[in-house]
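Here are the chains, one letter per residue:
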Amino acid sequence: MVNGRLALTALVTVLVTGCASAPPTEVARAPGVDFTGYETFTFHRPLGTDRDGTSTILSQTLRQAARTELESLGYRYVDDGADLRVNFFVETREVVERQTGPEVTFGYGVFHRHYGVWTGYDPTPRQYTLGTLHVDVVDSGLDQMIWEGIAESRRRDGQFTFEPENARKAVARVFADFPRRRP
């Protein structure tokens, strides 16, 4: 239970803290799907970000952000019988990269009292946490995924805090490429 909470805290932090520049997003759209027939949306029950059937603060934040984005694109929220069903998944993983590059060192020799330049290669490991937010949109009638948006964020400083505004920004970046509803 504690490990699960720690993992969720780490995940939330990575997803919502973001970097100074917006991390890239990726979108996949099912081929041949015509979005003009879709008018309404709802959220999957339970969401992939819920825990033991209980809506988490992360789930609530993501749901509200997605609702805001989809309504601004012309879709209408309904509780039941929607054309589209939205779900969220999050994951984190630790990444360690080794960077090898030239190293130049300047120094003063203590024993021989002279200056010198030394060169070499020093593999410098970099570690960061990579967080990924998946937003899935399913055609409710066909029970088939028709659109997926993915946002990633790196976290290097190890500070684990939940910032809802950054979660909203991540959802906005993902839905930036979602098809607008035409009246």
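Residues numbered from 1 in each chain as written. Predicted model: local features only at pLDDT ≥ 70, side-chain atom pairs only at ≥ 80, totals over all residues. Heavy atoms only, no water.

Remarks on the overall build of the chain
Moving on, step 1. Each helix and strand in the chain was counted, giving three helices and eight strands.
Moving on, step 2. Going from N to C terminus, the chain has its helices and strands arranged as α-β-β-α-β-β-β-β-β-β-α.
Moving on, step 3. Evaluated residue by residue, the chain yields a buried proportion of 37% over its 183 residues.
Moving on, step 4. A separation of at least 24 residues holds for 76% of the contacts in the chain among residues at least 6 apart in sequence. (Helix = DSSP H or I, 4+ residues; strand = E, 2+ residues; numbered from the N terminus. Buried < 20%, exposed > 50% of the residue type's maximum accessible area, 1.4 Å probe, protein only. Contact = heavy atoms within 4.5 Å.)

Quick word on the nonpolar core
Moving on, step 1. With 30 residues, the main nonpolar core has Tyr75, Phe88, Ile146, Trp147 and Phe178 as its most contacted residues.
Moving on, step 2. Those elements that provide at least two residues to this core are strand 2 (40-43), helix 2 (57-72), strand 4 (84-99), strand 7 (124-139), strand 8 (144-155) and helix 3 (164-175).
Moving on, step 3. Ignoring sequence-local partners within four residues, the contact set of Trp147 consists of Val27, Ala28, Arg29, Phe35, Val135, Asp136, Val137, Val174, Phe175, Asp177, Phe178 and Pro179. (Core = buried A, V, L, I, M, F, W, Y, C linked by side-chain atoms within 4.5 Å.)

Side note on helix 2
Count 3.6 residues to each turn of an α-helix, and residues three or four apart come out pointing the same way.
Moving on, step 1. In this model, helix 2 (16 residues) spans 23 Å end to end at C-alpha, consistent with the 22 Å of a helix rising 1.5 Å per residue.
Moving on, step 2. A positive phi of about 100 degrees marks Gly74, the residue just after helix 2. (Expected span 1.5 Å × (residues − 1).)

Remarks on the confidence of the model for the chain
Moving on, step 1. Summing up the model confidence of the chain, the mean pLDDT is 79 and the portion of residues at 70 or higher is 69%.
Moving on, step 2. pLDDT under 50 marks residues 2-20. Its contacts with residues more than four places away, or in other chains, come to 40 contacts. (pLDDT = per-residue confidence, 0-100.)

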